[in-house]
Amino acid sequence: MTVRWGIAGTGRIASDFVRDLADIEDAEAVAVGSRTAAGAAGFAGTRGIARAHGSMEELAADADVDIVYVAGIHPVHRDHAVMMMRAGTHVLVEKPLAMDADDVQEILAVSAGTGRFMMEAMWMRFNPLHTELKHRLDAGEFGRVVSIVSDFSFEAPRDPSHRLFDPAKGGGALLDVGIYPLNLAWWWLGAPASWSATGEIGPTGVDESVAMELSWADGATAVLTCGSTRNGSRTSTIVCEGATIVIAPPSHSSPVAEIRTAASTEHVSAARPGLHHQVREVQRCAAEGLRESPRMPHSDSLAIARFMDDVARSLRAR
Ligand SMILES: NC(=O)c1ccc[n+]([C@@H]2O[C@H](COP(=O)([O-])OP(=O)(O)OC[C@H]3O[C@@H](n4cnc5c(N)ncnc54)[C@H](OP(=O)(O)O)[C@@H]3O)[C@@H](O)[C@H]2O)c1
């Protein structure tokens with residue numbers, strides 16, 4: 001049976017998602033919602049989507065949608081996710097799940113109350129390279145993780161009206177791209193025992209670069225950086241007791257890595273990354289009546305949101 005997807009938003013990532021959804025045989029984008037009827041009609045028309053709704057309320061009321069992909073700017077994630085779940089649909093919500101941990105908690109409570117599946121769209125965790133590396137780590141092939149160095153910094157034009165820089169649109173590098181190195185660290189090492197952070201707040205009042213040092217009770221450490229006005233390595237290096245893994249840039253969505261040991265270097269090349277790999281997991285979980293995926297659990301979304309709140313507070317207090 002084909003799973004019927006609704007798309008809440010008509011921006012860049014919504015467009016990429018619909019493109020990648022075409023790779024999933026039992027999934028179809030059947031409806032789109034936008035703030036304007038013209039926006040919805042334009043998006044639907046060019047992508048062969050059957051129904052265009054001129055408001056999110058209309059999309060929520062569309063009874064012939066099984067799962068909604070929440071793809072608007074960060075500040076609308078909470079309201080759209082809550083609205084869709086209350087209307088009876090499961091949701092996949094773009095990262096960051098919400099603007100802060102309080103809003104994440106509200107989303108989780110509505111998922112619990114309605115019994116609807118909800119997952120933050122941390123597609124990195126479902127890309128084939130990341131899945132393979134994590135599987136091999138869990139099988140004990142690399143030994144214990146000793147350190148992680150991960151960067152997601154890129155140079156964007158400092159346009160104060162762009163969502164990256166406008167506080168009203170959820171601006172800031174940490175929420176937008178810092179969330180990837182943080183997810184890598186959480187996924188491979190769990191919650192850290194202690195941390196410190198430094199960073200720069202730009203002229204629009206949002207963080208433009210952040211550097212975080214994390215440490216774990218077993219002695220593991222991580223140095224995680226992100227930024228929106230300067231290019232960085234966008235590489236992830238994971239040192240384990242038995243091997244060093246270097247994920248090529250952009251490491252959150254890379255298909256290639258090197259696994260270096262004292263004796264050899266293995267070149268790993270995985271299938272094409274994309275937004276569709278997470279779709280298989282969402283559909284599997286929803287079909288099995290689960291409310292969350294064990295691969296991107298609610299507890300990680302909440303813990304990372306709390307961590308980002310703490311980092312943001314520490315930057316403002318400096
Ligand atoms: N997974 C990834 O790799 C990835 C990549 C990029 C972005 N994202 C995430 O996806 C989300 C959207 O990013 P994007 O780059 O697609 O953004 P975008 O193109 O700037 O905008 C997305 C949509 O948000 C809605 N929107 C814009 N301004 C709004 C406003 N002032 N009030 C209410 N809604 C507004 C619009 O939808 P309508 O006009 O249809 O209402 C717009 O098309 C962000 O949360 C971002 O973190 C994820």
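Residues numbered from 1 in each chain as written. Predicted model: local features only at pLDDT ≥ 70, side-chain atom pairs only at ≥ 80, totals over all residues. Heavy atoms only, no water.

Asker: Honestly, helix α1 (residues 12-21) in this entry has me stumped. Any pointers?
Answerer: For an α-helix, 3.6 residues make a turn, and residues three or four places apart therefore share a direction. Three or more residues of α1 are buried, namely Ala14, Asp16, Phe17, Val18, Asp20 and Leu21. The inward-facing, buried residues of α1 abut β1 (3-8), β2 (27-33), α2 (37-47), β4 (67-70), β5 (90-93) and α8 (277-287). (Buried < 20%, exposed > 50% of the residue type's maximum accessible area, 1.4 Å probe, protein only. Helix = DSSP H or I, 4+ residues; strand = E, 2+ residues; numbered from the N terminus. Contact = heavy atoms within 4.5 Å.)

Asker: Explanation requested: empty space enclosed by the protein in the structure shown.
Answerer: Empty space left among the atoms is revealed by rolling a probe the size of a water molecule over them. Enumeration over the complete set of coordinates arrives at two cavities of 30 Å³ or more. Of the voids in this model, the largest cavity is the one considered here, and its volume is about 70 Å³. Ser150, Tyr180, Ser236, Ser251 and His252 are the residues nearest the centre of the largest cavity, which is lined by 13 residues in total. Looking at the lining of the largest cavity, the elements with two or more residues in it are β7 (145-153) and α7 (173-189). The volume enclosed by the second largest cavity comes to roughly 40 Å³. (1 Å grid on protein atoms, 1.4 Å probe; cavity = no way out; pocket = protein on both sides within 12 Å on 5 of 7 lines; lining within 4 Å. Points joined across faces, edges and corners; volume = space filled by probe spheres on them.)

Asker: Would you take a moment to explain the sheet that holds strand β3 (residues 51-53) for this structure?
Answerer: By way of backbone hydrogen bonds, the strands of a sheet pair with one another, either parallel or antiparallel. An order of β3-β2-β1-β4-β5-β6 is seen for the six strands of this open sheet, with the pairing classed as parallel. Each edge of the open sheet is held by one strand with a lone partner, namely β3 and β6 (118-120). Across the sheet, the mean angle from the axis of one strand to that of its neighbour is 25°, orientation sign disregarded. Taken together, the six bridges between β1 and β2 define a ladder with parallel strand orientation. (Pairing = 2+ DSSP bridges. Axes fitted to C-alpha atoms, helices over the stretch in contact; angles between N-to-C directions.)

Asker: Explanation requested: the sheet that holds strand β13 (residues 256-260) in the structure shown.
Answerer: Within the open sheet, the eight strands sit side by side as β8-β9-β10-β7-β11-β12-β13-β14. Their pairing is mixed. Two strands close off the open sheet at either side, each with one partner strand: β8 (194-201) and β14 (265-269). Neighbour to neighbour, the strand axes of the sheet diverge by 10° on average, direction disregarded. Note that β7 and strand β11 (residues 236-240) share five bridges and pair antiparallel. Its bridge partner lying in β11, Ser150 is registered against Ser236. In the packing of helix α6 (residues 128-138) onto the sheet, contacts are made with β7, β11, β12 (244-247), β13 and β14, and the angle to β13 comes to roughly 25°. Sitting on the sheet, α7 touches β7, β9 (207-215), β10 (221-227), β11 and β12, and the angle it makes with β7 is about 165°.

Asker: Quick question: what am I supposed to make of the pattern of salt bridges here?
Answerer: Pairing is possible between side chains that carry opposite charge, provided their charged atoms lie close to one another. Considering all chains together, one arrives at 25 salt bridges under this definition. The residue Arg19 makes a salt bridge to Asp20 at a minimum N-O spacing of 3.0 Å. For Arg19, a relative accessible area of 49% gives the class partly exposed. Asp20 sits in the buried class, given a relative accessible area of 2%. As a salt-bridge pair, Asp79 and Arg78 come within 2.9 Å of each other at their nearest N and O atoms. Classification of Arg78 as partly exposed rests on a relative accessible area of 24%. (Salt bridge = Lys/Arg side-chain N within 4 Å of Asp/Glu carboxyl O.)

Asker: So what exactly am I meant to see when it comes to the pairing of β4 here?
Answerer: Within a regular strand, the side chains alternate between the two sheet faces. Burial along β4 is two-sided: Ile67 and Tyr69 facing one way and Val68 and Val70 facing the other are all buried. Following the chain from β4 across helix α4 (residues 74-86) to the adjacent parallel β5, one finds a crossover that is right-handed. (Right-handed = clockwise from strand over helix to strand, strands pointing away.)

Read these as layout, nothing more, since geometry by itself doesn't imply function.
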